[in-house]
Amino acid sequence: MGESRADSIRHAPRYVRRSLSAPPADDMPRARSEKTTSELLPSSTPPDLMATLQLADLVRSSSIPPAAATKSLQARLTHANPNVQLLALAVLDVCVKNGGTPFLVLVGAREFSGALESLARGRADGNRDVREMVLRKVQDWATAFQMMDALKGTELVRAYERMRAEGLPFPPRDPTATAAMVDSLSVRPSSHSGVEYS
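Residues numbered from 1 in each chain as written. Predicted model: local features only at pLDDT ≥ 70, side-chain atom pairs only at ≥ 80, totals over all residues. Heavy atoms only, no water.

Trainee: Help me understand unusual backbone geometry in this model?
Mentor: Both trends apply: most residues other than glycine have a negative phi, and most peptide bonds are in trans. In this structure, S62 takes a positive phi of about 70° despite not being glycine. On the secondary structure map, S62 appears in the loop between helix 4 (49–60) and helix 5 (66–77). When its relative accessible area of 43% is taken as the criterion, S62 is described as partly exposed. (Helix = DSSP H or I, 4+ residues; strand = E, 2+ residues; numbered from the N terminus. Buried < 20%, exposed > 50% of the residue type's maximum accessible area, 1.4 Å probe, protein only.)

See the structure below:
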């Protein structure tokens, strides 16, 4: 009788087991964002910095498509558990600072910034910590985006300006929120064998 897939993986050498048990490529963004924002982590635990930076590096290099990463992170931001939402905001902040321009463009787009705006406006029974962190991060990101030609016209900036005009309780501005905060190098394909950065 033939072995099951689980038996095959269990009896394979360690290096083979890792590759056989790895999530499929299209599941990688979801698996990585779930690992860094697990509902099993206590609320006081910061996200795994190494795993978070690795996620940002994979997004910047397009090994994980920026669209897949934003979709996965957006799902974690709208999770019912506020601890998952707080972790997702922390992971998103690292990705904003290190994920490259294509990722930033998607964060600034209508769909993603709409999700952030909904969290910032919050429900009456919503988690106060989540709302405060969203307001702080949206303000930081919008302030940095406003200083970059490619990002200053994004929906995220417009949503921030709209919420600010409506009197939402934004914290004092962070003086370190500048274009340099999000101006990470983005890998782009080049016509020769080397890697070109922008």
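Trainee: So what exactly am I meant to see when it comes to the pattern of salt bridges here?
Mentor: Close approach of charged atoms lets side chains of opposite charge pair. What the rule picks out here adds up to 13 salt bridges. The salt bridge partner of K97 is D93, with a shortest N-O separation of 3.0 Å. Note that K97 and D93 are positioned in helix 6 (residues 82–98) at a spacing of four residues, about one turn of the helix. With a relative accessible area of 8%, D93 lands in the buried category. E117 is the partner of R162 in a salt bridge, and the nearest nitrogen-oxygen pair spans 2.9 Å. Note that R162 is positioned in helix 10 (residues 155–165) and E117 in helix 8 (residues 110–121), a separation of 45 residues in sequence. Judged by its relative accessible area of 32%, R162 is partly exposed. One continuous salt-bridge network, built from bridges that share partners, spans R110, E117, R121, E155, R158, R162 and E166. (Salt bridge = Lys/Arg side-chain N within 4 Å of Asp/Glu carboxyl O.)

Trainee: Any chance you could explain the nonpolar core here in plain terms?
Mentor: Taken as a class, soluble globular proteins show a tendency for nonpolar side chains to be buried jointly. In this structure, L92, F103, L116 and W141 are the most contacted members of the largest nonpolar core, which totals 45 residues. Going through the elements one at a time, helix 4, helix 5, helix 6, helix 7 (101–107), helix 8, helix 9 (128–146), helix 10 and helix 11 (179–182) are the ones with two or more residues in this core. Once you skip the residues sitting within four places of it in the chain, F103 turns out to touch V59, P66, A69, T70, L73, L92, C95 and V96. (Core = buried A, V, L, I, M, F, W, Y, C linked by side-chain atoms within 4.5 Å. Contact = heavy atoms within 4.5 Å.)

Trainee: I would appreciate a short explanation of helix 9 in the present structure.
Mentor: For helix 9, with 19 residues, the first-to-last C-alpha span of 27 Å sits near the 27 Å given by 1.5 Å per residue. For helix 9, the N-terminal capping position is held by N127, with its side-chain oxygen 2.9 Å away from the main-chain nitrogen of D129. (Expected span 1.5 Å × (residues − 1). Polar contact = N/O pair within 3.5 Å; in protein donor to acceptor, adjacent residues only side chain to side chain.)

Trainee: Mind showing me how you'd approach the side chain of T154 here?
Mentor: Within the element layout of this structure, T154 appears in the loop between helix 9 and helix 10. Classification of T154 as buried rests on a relative accessible area of 10%. In this structure T154 touches G108 and F145, once residues within four positions along its chain are discounted.

Trainee: Help me understand the packing of aromatic side chains, please; the structure alone is not making it clear to me.
Mentor: We describe a pair of aromatic rings using the distance from one ring centre to the other and the angle between the two ring planes. Tallied over the full model, the rule gives one aromatic pair. Between Y160 and F170, the ring centres sit 5.0 Å apart and the planes meet at 80°, which makes this aromatic pair edge-to-face. Taken as a pair, Y160 in helix 10 and F170 in the loop between helix 10 and helix 11 lie far apart in primary sequence, 10 residues in all. Like F170, Y160 is buried. (Phe/Tyr/Trp six-rings, centres within 6.5 Å; stacked < 30°, edge-to-face > 60°.)

Trainee: Even after reading the chapter, I still don't get the environment of V94, so can you show me in this structure?
Mentor: By the element assignment, V94 lies in helix 6. Non-local contacts of V94, meaning those with residues more than four positions away in its chain, are made with T52, L53, A56 and G99.

Trainee: Explanation requested: the packing of helix 5 against helix 6 in the structure shown.
Mentor: A pair of packed helices can be characterised by two numbers: the angle between their axes and the separation between those axes. It is at 8 Å that the axes of helix 5 and helix 6 come closest, and there the two elements cross at 150°. One element, helix 5, and the other, helix 6, form an angle in the roughly antiparallel class. Here L73, R76 and L77 of helix 5 lie close against helix 6, whose contacting residues are V84, Q85, A88, L89, V91, L92 and C95. Within the contact of helix 5 with helix 6, the residues separate by chemical class into eight nonpolar, one polar and one charged. (Axes fitted to C-alpha atoms, helices over the stretch in contact; angles between N-to-C directions. Parallel < 35°, antiparallel > 145°, perpendicular 65-115°, else oblique. Nonpolar A, V, L, I, M, F, W, Y, C, P; charged D, E, K, R; others polar.)

Trainee: Whenever I open this one, the packing of helix 8 against helix 9 confuses me. Can you help?
Mentor: Remark: helix 8 packs on helix 9, axes separated minimally by 8 Å, with the N-to-C direction vectors making an angle of 135°. Taken together, the axes of helix 8 and helix 9 are oblique relative to one another. Pair helix 8 / helix 9 crosses with left-handed handedness. Contact residues: L116, L119, A120 and R121 in helix 8; V130, R131, V134, L135, V138 and W141 in helix 9. Along the lines of polarity and charge, the residues of the contact of helix 8 with helix 9 split into eight nonpolar, no polar and two charged. (Left-handed = near helix turned anticlockwise from the far one by under 90°.)

By themselves these figures say nothing about function.
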